[in-house]
Amino acid sequence: MKYFTYLFKYLAYLFLTGMAIAAIINLIISLTKANDHLLLEIVIILLYLLILSIFGFLFYFHKKSIWQFLSAQKKRRLLYLVGTVILIIWQIVMIINLTTYVGWDPQQTLLSVVDRSHMQGWLYDYLSYYPNNLSLYYLLIFIRQFCSLTHLSFSMLTINYFNMIIMDIAFLFLILAIKYFTNNRIISLLGFTTILFLLGFSPWIIVTYTDTLSLLPVSLGLLALALLIRKRNYYTAILFGLAGSWCFFVKPSSSIYYITAIIILILVSIIHKNWANIILTALACLTTFLVSTGIQLFNTHQTIYPIDSSVSMSPTQYLMMGAQGNGGYNLQDVLSDINDPDKANLPHKNITKYCQRVKKMGIIGYSKFLINKFYWTNNDGSLGWGVEGGPDFINQTIRPYSADFGGLLRRFYWPLGNWSWMFYAIAQLIWISATILLVFSFRAVDYLSEITKNWLYLTIFGNNLFLLLFEAGRSRFLIQFLPILIFIIALSLYFLLFKDQSLSHKSVDSNYSVKIN
């Protein structure tokens, strides 16, 4: 198993190092394009570095007292309370002041709920072509029914409040998952801090789509996996299987962590000849299969929105799109598949086109293409805010850029706002810090159990391999993988801040690390 660990580790940190380099390059490029606000952007960078330096000195000279403070349960609860109150207040403020109509796929799904009769052409059967958005459709149907029963207005505001609730529950599950993975409450608190900076104040809360919705099943899956490793019983195996099937349904690519976990669980169990754990893993897989089959049967037989499975787009479409331009969305490829009458042969046609594109680029050309695609997928600290759908990302004309607080907030967050460069600069600085912490996490991750660390390494590799092969090319696709990255960042922060009270195999693995290996 040692050789597998080395292989997975080096592959994972090759990608993590690339992420940090891409983030730094993007900041440098943005500075060259800053023009009239170059000086102000430099000031923001210097202020950010100053704040980091101040915190660094505080931790260096008061490490022991800070450790004692964080070790006290009441103090940690106080920090959780303060952080949660600030988070929820700011989320509500963002929803009230930033909510507007969203374009691209969220818009088509919403129209399928409220105004399908006026959708023209293939868009009338939008969900038959793209059933991967059925989870969002069902959620919107549920919200509309909820509004009808409670006499509330079915609006974007209400939809985004549900998005907030889903994201916050996901944050809770993720914090618990980190706690059970590490058996260390300070690391879980650092995970909460990381969540606040990477997602808590993100404007993505006003875009209710499968990117943010997938955070819940992924975080539940991480919690279930941690419990499975720790408790090793049938209930946790079933919970893990349920979470896996939920991920497949909400956003199939978000289930990579589940697939890699199954691989590692089987591999470690075979190496250590622990056949009882093979049964638990098989139970998780069986649960996933049965629940996914049930969901598929429901999708094909429900009458709310009859699905014509004969026109459903093949996943190979995303593979084909992933081999052109920057590896992102290509309308010509989409319309070509939609208008092709021979839907049965689309998988073969798409794979053939993918192979033709790769062959045309050649080995060197394709290598350059993958490096460029990797850069565009991982470089943006705003997680692709404002990129999807171009000018139709969100409706930025329906609400004024007034002088009141709401108007100022829209100027700061909305892509066309005259202060949006400040948001992008701050988000980029935070992202650079996060990716650097990812790079320097290699020592901290080594202190985890055999299963956990190999699973993390393989998941990082799997996530990046998927993004290199299939449609990506913008950082929005990283949102679904953030729970994994947040876990690693929290570990890295702990190791960096409290090296004297550093991670020990005993404190991190506790008693459960050997239960399933």
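I will try to describe carefully the structure that is included in this document. (Residues numbered from 1 in each chain as written. Predicted model: local features only at pLDDT ≥ 70, side-chain atom pairs only at ≥ 80, totals over all residues. Heavy atoms only, no water.)

Once that is clear, we can look at the overall build of the protein. Scanning the protein for helices and strands turns up 23 helices and 0 strands. Here the C-alpha atoms of the protein give a radius of gyration of 23 Å, agreeing with the 24 Å that 2.2 N^0.38 yields for 517 residues. C-alpha extents for the protein along the principal axes are approximately 65 × 65 × 60 Å. Within the span of the protein, comprising 517 residues, buried residues form 54% of the whole. For the protein, the exposed area adds up to about 23,500 Å²; of that, 69% sits on carbon and sulfur atoms. One way to put it: in the protein the 36 positive side-chain charges average out to a point 14 Å from where the 21 negative ones average out. (Helix = DSSP H or I, 4+ residues; strand = E, 2+ residues; numbered from the N terminus. Rg over C-alpha atoms; globule rule 2.2 N^0.38 Å. Buried < 20%, exposed > 50% of the residue type's maximum accessible area, 1.4 Å probe, protein only. Areas by Shrake-Rupley, 256 points an atom, 1.4 Å probe, with all protein chains shown as cover. Lys, Arg positive; Asp, Glu negative; His and termini not counted. Charge placed at Lys NZ, Arg CZ, Asp CG, Glu CD.)

Residues Phe 181, Val 207, Phe 240, Tyr 257, Trp 431 and Trp 455 are the most contacted members of the largest nonpolar core, which totals 150 residues. Judged by nonpolar contacts, the second largest core, of 6 residues, contains Tyr 354, Val 358, Tyr 366 and Phe 369. (Core = buried A, V, L, I, M, F, W, Y, C linked by side-chain atoms within 4.5 Å.)

On to the packing of aromatic side chains. Applying the stated rule across the entire model yields 41 aromatic pairs. Aromatic side chains Trp 122 and Tyr 130 sit 6.2 Å apart centroid to centroid with 65° between the ring planes, which places their arrangement in the edge-to-face category. Tyr 130 sits in the buried class, given a relative accessible area of 8%. Three or more aromatic residues joined by ring pairs make a cluster, and in this case those are Trp 104, Trp 204, Tyr 209, Trp 385 and Phe 393. The lysine or arginine in question, Arg 116, covers the ring of Tyr 305, its NZ or CZ lying 3.9 Å from the ring centre. Geometry around Tyr 180 places Lys 179 over its ring, the cationic atom sitting 5.6 Å from the centre. (Phe/Tyr/Trp six-rings, centres within 6.5 Å; stacked < 30°, edge-to-face > 60°. Lys NZ or Arg CZ within 6 Å of the ring centre and 35° of its normal.)

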